[in-house]
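Here is what each chain is made of, one letter per residue.
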Amino acid sequence: MASEQRRVRILCEDRRTERFIRRICERYQVRVEDVVIAPSGKGAASAWVRRNYAKYVRKRRAKNFQPNLGLLVVIDGDNLGVAARLQELDAELDSARVERRQPTESIAVFVPTWSVETWLAHLSGLEGIDEGTPLKDEAAARRLWSDGRVYAATIKIAVAAWNAEEPPLPSLRAAYVEAPRVGLGPQ
Amino acid sequence: MLRRIRVHNFRTLVGFDWSPPPACVIVGENGAGKSALFEALWFVRDVVVHGKRIDEAGFPATRTAWLDEPAQVLELELEHGGDQFVYRLEARVDHEGDRERRSIVERLSWAGEELYSARGGVVTLHGDAPTREPPTQFPFDRRRSYLAAIEPGPNNRKLAGFRAVIAAMWMFKPDPLRMGGAAAQETTWIDRDLGNFASWYRTKVQEDFAAATRLREDLAQAIPGFSQLRLESISPDTKELRARFDFGGKTHEIGWAKLSEGQRLLIALYGVLRFAFERAELIALDEIENYVAPNEIQPWLRAVADVAAERGRQLMVISHHPESIDYLAADAAWKMWRDPATGCSVIAKLEPDRDAGETAYDLVKQRSADG
């Protein structure tokens, strides 16, 4: 199926992640059909994504499912990292009695670790970024999303750098492997 | 940015006091007072920007039905480019014998200092440096705001700036059934229901070619087959809005009236997005989803949220639709309802339990007397 015909539903934690991922979809001409995003509220946004994961996997596989409509889940790794988050998501499917995703299925999971801000800082060219610590409160990184216009520019740079080279961040490498499942990269 | 709004004696808003966030969705059952809140803002705009008399703008019919109070009060705290404004508008109806007298009482302050006031048909202007200059007083129509009449000058930049902020508060409750295709005249103002979209578009398309190009690109994505929006002369003064579509390599053109309500609504919504919202201070949208499917409206909402976030604009959306509510609740969701004891509107922030996977719409569905 040609990449321009692909569509995707995004399930993610927050507005900042949404805007970044939508721009990546635009770059690969994948049409964003729908964005499902954690509400402002009490508790963890990552927990909200986990809790809703099985519902949207089930929806993707429903009788009227459309083969060119993929599901892209974006959940911060925080202190857990990629493998533990993927296990958590598998456990959600198990407890909901939903079959785990298949290797060729159009369901991709990105686990930006520590968070999407870690990716944005790295992809924007900030040096010395590592996944093991949160970035949100560091002044140098915080400038990248200090206001709406700056954040728009940060996204532009980060999207251009997406998939440009072998990244040092393991969670970004893992995402590049996942991305083709939903048309965001070489098939 | 609207930091705070207080409304008293306006439809169901009695002693209403709210500090709105930068972006939110407002939910609640019909009659909860959501539209009244936007109507109150529109009233201020009508009086301060368009120079309408308070009775032309709806007063006193908009007073709370069960209160017997002569004064309707609207107070706004606004911040713009480091300027802090507090504006209080009191519309009054007093009785002198058998006569009913309507009048406006206003006060505008900047950083705590009074810039302007009006009472009993007398306007007091303090200028931009209130502590250094003696005030000027003169008579003016007691039912109108002099703010709408001021000519911008070196001594009233702050007053003109305040009026510009109010003029950049856009509030819409679109009704595609009222959107005609005939553009009989050019106009710089668009009606709240977008009813005069054709005339407004006729003006805007000549002023901002870049926005017109973006509008065309948006509509090509949003409406299958869409290729162009065109104005055709149907009389020496009047033009008609028409839409061109490409299907199977063939082009056909149809008049505005033959478009579906949903198509008309999408064209008008993308029109205000590109021609108005990029310069807006506040974008307030009231039930925009009627006539269109969720997958048609969400891309527009995403574009509006992007404009608001990138340009630091304020966004408030009234919605009953689950998809829109849950999409916008990522910023914040507020619920309005009527206090069962008093009948007055109240508002509170919804706090979905994210650990439980709860959505804002889950909470909306839980009808409760206390919100």
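Our subject is the structure listed above.
These notes cover the structure that comes with them.

**Remarks on the overall build of chain B**
Each helix and strand counted, chain B has 8 helices and 18 strands in total. Along the first, second and third principal axes, the C-alpha atoms of chain B reach 70 × 60 × 45 Å. Of all 371 residues assigned to chain B, the portion counted as buried reaches 46%. At a minimum sequence separation of 6, the contacts of chain B that also span at least 24 residues come to 59%.

**A few points about the overall build of chain A**
Along its length, chain A carries 7 helices and 4 strands. Mapped in sequence order, the helices and strands of chain A form the string β-α-β-α-β-α-β-α-α-α-α. For 187 residues, the compact-globule estimate of 2.2 N^0.38 gives 16 Å, and the C-alpha radius of gyration of chain A, at 16 Å, lies within 12% of that figure. Each of the three principal axes of chain A carries a C-alpha extent, and together these read 50 × 35 × 30 Å. Going through the 187 residues of chain A one by one, you find that 47% of them count as buried.

**So, the interface of chain B and chain A**
Interface size is commonly expressed as the accessible surface area that is lost when the partners come together. Taken residue by residue, the interface counts 24 residues in chain B and 23 residues in chain A. Of all the secondary-structure elements, those providing two or more residues to the side of chain B that touches chain A are α6 (294–311) and α7 (322–328) of chain B. No other element matches α6 of chain B, which puts 7 residues into the side of chain B that touches chain A. Of the residues belonging to the side of chain B that touches chain A, the class tally is 9 nonpolar, 5 polar and 10 charged.

**Some words on the sheet that holds strand β1 (residues 2–8) of chain B**
All names here are of chain B. Spatial strand order, β2-β1-β4-β5-β6-β7-β8-β9: 8 strands in an open sheet with antiparallel pairing. Each of the sheet's edge strands pairs with one partner strand only, and the pair in question is β2 (16–18) and β9 (136–139). With direction set aside, neighbouring strand axes in the sheet form an average angle of 10°. Here strand β7 (residues 113–119) pairs with strand β8 (residues 122–125) via 4 bridges, running antiparallel. Bridging across to β8, Arg119 finds its partner in Val122.

**Remarks on the sheet that holds strand β2 (residues 31–37) of chain A**
All names here are of chain A. The strand order across the open sheet built from 4 strands is β2-β1-β3-β4, with neighbouring strands paired in parallel fashion. Two strands close off the open sheet at either side, each with one partner strand: β2 and β4 (107–110). Ignoring which end each strand starts from, the neighbouring axes of this sheet average 20° apart. Helix α2 (residues 45–60) rests against β1 (7–12), β2, β3 (69–74) and β4 of the sheet, and its axis sits at about 160° to β1.

**Structural notes on unusual backbone geometry**
Cis rather than trans, the peptide bond between Thr113 of chain A and Trp114 of chain A has omega equal to 0°. Assignment of secondary structure puts Trp114 of chain A in the loop between β4 and α4 (116–123). Here Phe59 of chain B and Pro60 of chain B are connected by a cis peptide whose omega angle stands at 5°. Tracing the backbone through its elements, the reader meets Pro60 of chain B in the loop between α1 (34–48) and β4 (71–80). The phi dihedral of Arg97 of chain A is positive, around 55°, even though this residue is not glycine. The phi dihedral of Asn9 of chain B is positive, around 65°, even though this residue is not glycine.

**Side note on the nonpolar core**
In terms of nonpolar packing, the biggest core is built from 163 residues, with Ile10 of chain A together with Ile283 and Ala333 of chain B touching the most fellow members. Excluding residues within four positions of it along the chain, Ile10 of chain A makes contact with Glu18, Ile21, Val32, Val35, Val36, Leu72 and Val74 of chain A.

**So, the pairing of β1 of chain B**
All names here are of chain B. As judged from the 6 bridges shared by β1 and β4, these two strands associate in the antiparallel manner. In the sheet register, Val7 faces β4, and the bridge partner there is Leu74. Pairing analysis gives 3 bridges linking β1 to β2, with the strands arranged antiparallel. Looking at the pairing, Arg6 lines up with Asp17 of β2.

**With respect to helix α6 (residues 148–161) of chain A**
Two residues of an α-helix separated by three or four positions point the same way, owing to the 3.6 residues in each turn. Residue and element names in this part refer to chain A. Between its terminal C-alpha atoms α6 stretches 20 Å, which fits the 20 Å expected from 14 residues at 1.5 Å a residue. Among the residues of α6, those classed as buried are Thr154, Ile155, Ala158 and Val159. The buried residues of α6 all sit within an arc of 130° when viewed along its axis, so they share a single face. Residues of α6 that are exposed and angled more than 90 degrees away from the buried face: Arg149 and Lys156. Its buried side turned inward, α6 meets α1 (15–27) and α4. Downstream of α6 by one or two residues, Asn163 has phi in the positive range, about 70°.

Basis of the calculations
Residues numbered from 1 in each chain as written. Chains lettered and ligands numbered in written order. Predicted model: local features only at pLDDT ≥ 70, side-chain atom pairs only at ≥ 80, totals over all residues. Helix = DSSP H or I, 4+ residues; strand = E, 2+ residues; numbered from the N terminus. Buried ≥ 20, exposed ≤ 12 C-beta atoms within 10 Å, placed from the backbone. Contact = placed C-beta atoms within 7 Å. Rg over C-alpha atoms; globule rule 2.2 N^0.38 Å. Nonpolar A, V, L, I, M, F, W, Y, C, P; charged D, E, K, R; others polar. Pairing = 2+ DSSP bridges. Axes fitted to C-alpha atoms, helices over the stretch in contact; angles between N-to-C directions. Core = buried A, V, L, I, M, F, W, Y, C linked by C-beta atoms within 7 Å. Expected span 1.5 Å × (residues − 1). Arc of directions from axis to C-beta.

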